[in-house]
Amino acid sequence: MVDLQSQYSKIKAVVDPSIQEVMDSAAFINGPKVRQFQSNLENYLDVKHVIPCANGTDALQIAMMGLGLKPGDEVITADFTFAATVEVIALLQLTPVLVDVDPVTFNIDIEAIEKAITSKTKAIVPVHLFGLAAEMDAIMAIAKKHNLYVIEDNAQGIGADYTHTDGSKTKTGAIGHVASTSFFPSKNLGCYGDGGAIFTNDDDLAHTIRGIVNHGMYKRYHHDVVGVNSRLDSIQAAVLDAKLPHLDDYNKARRAAAAKYTSAFKDHPKIVTPTGRTQCEGICDTCDCHVFHQYTLNLIGVDRNELVAHLQENNIPCGVYYPIPLHLQKAYQDERYNEDDFRITNQLVESVISLPMHTELDDEQIDFITSTVLNFINKEQ
Ligand SMILES: *Cc1c(COP(=O)(O)O)cnc(C)c1O
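Residues numbered from 1 in each chain as written. Predicted model: local features only at pLDDT ≥ 70, side-chain atom pairs only at ≥ 80, totals over all residues. Heavy atoms only, no water.

1. Regarding the overall build of the chain
Per the secondary structure count, the chain includes 12 helices and 14 strands. Against the 2.2 N^0.38 benchmark of 21 Å for 381 residues, the chain shows a C-alpha radius of gyration of 21 Å, consistent with a compact globule. For the C-alpha atoms alone, the extent of the chain along its principal axes is close to 70 × 55 × 40 Å. Taking all 381 residues of the chain together, 55% fall into the buried category. Long-range contacts, defined as pairs at least 24 residues apart, comprise 73% of the intrachain contacts of the chain with a sequence gap of at least 6. When the accessible surface of the chain is totalled, it reaches about 16700 Å², and 50% of it is carbon and sulfur. Separation between the mean location of the 31 positive side-chain charges and that of the 50 negative ones in the chain comes to 4 Å. (Helix = DSSP H or I, 4+ residues; strand = E, 2+ residues; numbered from the N terminus. Rg over C-alpha atoms; globule rule 2.2 N^0.38 Å. Buried < 20%, exposed > 50% of the residue type's maximum accessible area, 1.4 Å probe, protein only. Contact = heavy atoms within 4.5 Å. Areas by Shrake-Rupley, 256 points an atom, 1.4 Å probe, with all protein chains shown as cover. Lys, Arg positive; Asp, Glu negative; His and termini not counted. Charge placed at Lys NZ, Arg CZ, Asp CG, Glu CD.)

Set out below in structure tokens:
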């Protein structure tokens, strides 16, 4: 699904000396590379505070701890996403409230959010799923109206632009009260191990979070709050700082690959290609509205299992993100849920398929993948 080796070979000349510098200085934890990356990422995102941490799941958890959410507080998030989002809500003994997604964007459904709000609701966690920004203006308006926090899960969306209704743009992760991201190797900005970060424009919240990531310490050996130990190590920061200047080009390469896939599948009666918001249809040359962490098709009347088998026979990797709605996962079942409220997620888990998506896809690979998919689907009928 990804080709991290080819990507590494192209930037080896920059990455290797950067790692070597860390080794030579032996500043493995909280070294200058971490601060350098933090500051460069703040500039890139145009956000006041980036607080690096150990991984994207920690980042979500720490963001929620920083906001002071308390057991029993309800947190609304999407039913169709990776489990990390709901996992940390449950771990903190908050009450996850899963809601359906939009059938076109796959992102959290705005009406479903409004329907799910109760007097206990404290936060909304939109996920910029597959690299497409959620409808942030609408979400922020709901949050303002009901006095809720918004925590953006930006693990799949780093580098994406959100276009506001007035046409201005903000990077995803710089819009909500706080945001989280992951630097897992296959993410759009990936390191060579685990890593993550929290973003916020709120000075007080940033201060609180900086203590939480470091055992709740604001002054050495004074533990004011219950914290965690969650650090980005200097070697990972060195990798990330070397890769950050390439992020826009990486996302551009993903978008170019997506555009080629889409032109091959366009107007096929059994294939719905990914689209974004109406301004750009998800693929446009002038902005980063969709950064294609995944390129995900929605199939209509195609035997997905057979298609997966056919692709595997042809040595084409593919993935099903995600095969089970979160509300049906054993760990997250809740008798208050009503199946009628999850129509879209229940359908998407049966019909989506993600094709290889990374920065190194060439035309020959894309042609082979698209023709293999089309051969199967056209033969099937
Ligand atoms: C990858 C991912 C995470 C978790 O990140 P880790 O670094 O693996 O902990 C959280 N949310 C979403 C949407 C993700 O894709």
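2. Quick notes on the sheet that holds strand β12 (residues 271–272)
With antiparallel pairing, the 3 strands of this open sheet are ordered in space as β12-β13-β14. Single-partner strands in this sheet number two, and they are β12 and β14 (352–355). Here strand β13 (residues 295–299) pairs with β14 via 4 bridges, running antiparallel. If you follow Y295 over to β14, its bridge partner there is L355. On the sheet, helix α10 (residues 304–313) packs against β13 and β14 and is oriented at approximately 15° with respect to β14. Helix α11 (residues 343–351) rests against β13 and β14 of the sheet, and its axis sits at about 100° to β13. (Pairing = 2+ DSSP bridges. Axes fitted to C-alpha atoms, helices over the stretch in contact; angles between N-to-C directions.)

3. Observations concerning the packing of aromatic side chains
Inspection of every chain in the model, using the stated rule, returns 13 aromatic pairs. Aromatic pair Y337 and F342: ring centres 5.4 Å apart, planes at 90°, arrangement edge-to-face. We classify Y337 as buried; its relative accessible area is 18%. A relative accessible area of 2% places F342 in the buried class. The structure contains a cluster of three or more aromatic residues connected by ring pairs, namely F80, F82, F106, F130, Y321 and Y322. (Phe/Tyr/Trp six-rings, centres within 6.5 Å; stacked < 30°, edge-to-face > 60°.)

4. A short note on the environment of D233
Considering the arrangement of structural elements, one finds D233 in the loop between β11 (222–223) and α8 (234–243). Linking D233 and K33, residues 200 residues apart in sequence, is a C-alpha distance of 9.0 Å. Beyond its immediate sequence surroundings of up to four residues, D233 is in contact with F28, I29 and V34. Of note is the side chain of D233, whose polar atom sits 3.0 Å from the backbone nitrogen of I235. (Polar contact = N/O pair within 3.5 Å; in protein donor to acceptor, adjacent residues only side chain to side chain.)

5. Observations concerning the nonpolar core
Among the nonpolar cores identified, the biggest contains 31 residues, and I76, F80, V99, I113 and I139 are the most heavily contacted of them. Broken down by element, the residue count for this core peaks at 4 residues, all from helix α6 (residues 136–146). When residues of this core are assigned to domains, at least three fall in each of domain 1 (4–245) and domain 2 (247–380). Ignoring sequence-local partners within four residues, the contact set of I76 consists of V97, V99, I108, I113, A116, I117, T121, A123, I124 and V125. If you look at the next biggest cluster of nonpolar residues, it comprises 26 residues, including F37, L189, C191 and Y250. (Core = buried A, V, L, I, M, F, W, Y, C linked by side-chain atoms within 4.5 Å. Domains from an automatic or database assignment.)

In short, shape yes, function no, at least from these values alone.
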